[in-house]
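Listed here are the chains, written in short residue letters.
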Amino acid sequence: MNRIFCIVGKSCSGKDTVYARILEQNRPGLVPVVPCTTRPRRPGEAEGQTYHFVTEERLRQYEQEGQVIEKRVYQTTQGPWTYFTLRFELDADRLLITTLEGAQALMDCYGPQRVRIVYLHVDDHTRLLRYIDRESRQASPDYAEVCRRFLADQEDFSQENLARFPNLYPIDTGAGIEECLAQWDALYRME
């Protein structure tokens, strides 16, 4: 049975790093799912790697075609940004970065027995320092958005929300990337 591995976690918990390192392992039969967004591309981001960058018009076309599994709209300090996942064939194990709501939508679409939720977490101090560092490298740093997202993450990943997912596998990214990858490998080998 092919599975969907959903990497979830608060901002700057290490999702992009762990995701990239997993893909570097070139596991046969593990295929990335690249989500879409209407937000502007950040420096260093390439189309089709972390996201497909689309217009609002293209999003509406996907919705009319019934291709959108789930979407989220964030009211950022720079205006609304939409993130969404398109339907895909479950012809291999799949890996993607998403949210708890996205993981729920994937369970609703493909069945809960196929979805594994990999919850990356780290202490708030480390996460906030990572976030500030990342934002400081932007052409126009938006620290108000850092604060908004940090607080929103506290609510989105509350113990109550996490408890709704019995198939959630926590990995502490503060333990270092090699330990994270070892825990990922053990999860991937589980049936």
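Above: the structure in question.
Residues numbered from 1 in each chain as written. Predicted model: local features only at pLDDT ≥ 70, side-chain atom pairs only at ≥ 80, totals over all residues. Heavy atoms only, no water.

## Concerning the sheet that holds strand β2 (residues 30–32)
Formally: When DSSP finds at least two bridges between two strands, those strands are taken to pair. Secondary structure elements are defined from DSSP: runs of H or I of at least 4 residues count as helices, runs of E of at least 2 residues count as strands, and each element is numbered from the N terminus. Angular values range over 0 to 180 degrees, each being the angle between N-to-C directions of two axes fitted as lines to C-alpha atoms, with helices fitted over their stretch in contact. Contact between two residues is taken to exist if any of their heavy atoms lie within 4.5 Å; hydrogens are not considered.
Read across the open sheet, the 5 strands follow the order β2-β7-β1-β8-β9; overall the sheet is parallel. The outermost strands of the open sheet, each flanked by one partner alone, are β2 and β9 (168–172). Averaged over all neighbouring strand pairs, the angle between strand axes comes to 25°, with direction disregarded. Of the pairings in the sheet, the one linking β2 to strand β7 (residues 93–97) comprises 3 bridges and is parallel in character. Bridging across to β7, Pro32 finds its partner in Leu95. Its contacts with the sheet place helix α3 (residues 100–110) against β1 (4–9), β7, β8 (115–121) and β9, and it is angled at close to 170° to β8. Running over the sheet, helix α7 (residues 177–189) touches β1, β2, β7, β8 and β9 and is turned about 160° from β9.

## Describing the packing of helix α1 (residues 15–24) against α7
The following threshold applies: Crossing handedness follows the turn of the near helix against the far one: under a right angle anticlockwise gives a left-handed crossing, and clockwise gives a right-handed one. For this scheme, ten residues count as nonpolar: Ala, Val, Leu, Ile, Met, Phe, Trp, Tyr, Cys and Pro. Four count as charged, namely Asp, Glu, Lys and Arg, and the remainder, Gly too, count as polar.
Packing of α1 against α7 brings their axes to within 11 Å, and their N-to-C directions diverge by 60°. In this structure, the crossing between α1 and α7 has a hand that is right-handed. Packed against α1, whose contacting residues are Thr17, Val18, Arg21 and Ile22, the element α7 presents Ile177, Glu178, Cys180, Leu181 and Trp184 at the interface. Its residues placed into classes, the contact of α1 with α7 shows 6 nonpolar, 1 polar and 2 charged.

## Topic: α3
Let me state the cut-off plainly: Type-normalised accessible area, obtained with a 1.4 Å probe on protein chains alone, sets the label of each residue: buried when under 20%, exposed when over 50%, and partly exposed for intermediate values.
Those residues of α3 that sit buried are Leu100, Gly102, Ala103, Ala105, Leu106, Met107 and Tyr110. Residue Gly111 follows α3 closely and has a positive phi angle near 100°.

## Concerning the packing of helix α4 (residues 124–136) against helix α5 (residues 143–156)
Put simply, the rule is: Working definition: roughly parallel below 35 degrees, roughly antiparallel above 145 degrees, roughly perpendicular at 65 to 115 degrees, and oblique for all remaining angles.
It is the contact of α4 with α5, at a shortest axis distance of 10 Å, that shows an interaxial angle of 150°. The angle between α4 and α5 falls in the class roughly antiparallel. Of the two possible hands of crossing, α4 and α5 adopt the one that is right-handed. When α4 is examined against α5, the residues Asp124, Arg127, Leu128, Tyr131, Ile132, Arg134, Glu135 and Ser136 are found in contact with a partner set consisting of Tyr143, Glu145, Val146, Arg149, Phe150, Asp153 and Gln154. Partitioned by chemical class, the residues of the contact of α4 with α5 number 6 nonpolar, 2 polar and 7 charged.

## Some thoughts on the nonpolar core
Quick note on the threshold: Think of a nonpolar core as a cluster: buried Ala, Val, Leu, Ile, Met, Phe, Trp, Tyr and Cys residues, connected wherever their side-chain atoms sit within 4.5 Å.
Among the nonpolar cores identified, the biggest contains 21 residues, and Ile4, Cys6, Phe88, Leu100, Leu106 and Ile117 are the most heavily contacted of them. Listed by contribution, the elements that provide at least two residues to this core are β1, α3 and β8. Among the elements that make up this core, the one with the highest residue count is α3 (6 residues). The residues contacting Leu106, other than those within four sequence positions of it, are Ile4, Cys6, Ile69, Phe88, Leu96, Gly111 and Val115.

## A few points about the side chain of Thr99
Convention followed: Here a polar contact is taken to be a pair of N or O atoms separated by no more than 3.5 Å, where protein atoms must pair a possible hydrogen donor with a possible acceptor and residues adjacent in sequence count only if both atoms sit in side chains.
Relative to the helices and strands, Thr99 resides in the loop between β7 and α3. Accessibility expressed as a relative area gives 13% for Thr99, which makes it buried. Polar side-chain contacts of Thr99 include one of 2.9 Å to the backbone nitrogen of Gly102. Among all residues touching Thr99, those that are not within four sequence positions of it are Val8, Arg72 and Tyr74.

## Describing the pattern of salt bridges
Any two side chains of opposite charge can pair, on the condition that their charged atoms come close. Rules: Salt bridge, as used here, is a side-chain nitrogen of Lys or Arg placed within 4 Å of a carboxyl oxygen of Asp or Glu.
Throughout the structure, instances matching the rule amount to 15 salt bridges. With a closest N to O distance of 2.9 Å, Arg189 and Asp185 form a salt bridge. Taken together, the residues Arg189 and Asp185, both in helix α7 and 4 residues apart, mark about one turn of the helix. In this structure Arg189 comes out as exposed when scored by relative accessible area, which is 57%. Three or more residues joined by partner-sharing salt bridges are found here, namely Lys10, Asp124, Arg127 and Asp153.

## Some points on the sheet that holds strand β3 (residues 36–37)
Here we have 4 strands laid out as an open sheet, ordered β4-β3-β6-β5, and mixed in their pairing. Two strands lie at the open edges of the sheet, namely β4 (52–53) and β5 (68–76), each paired on one side alone.

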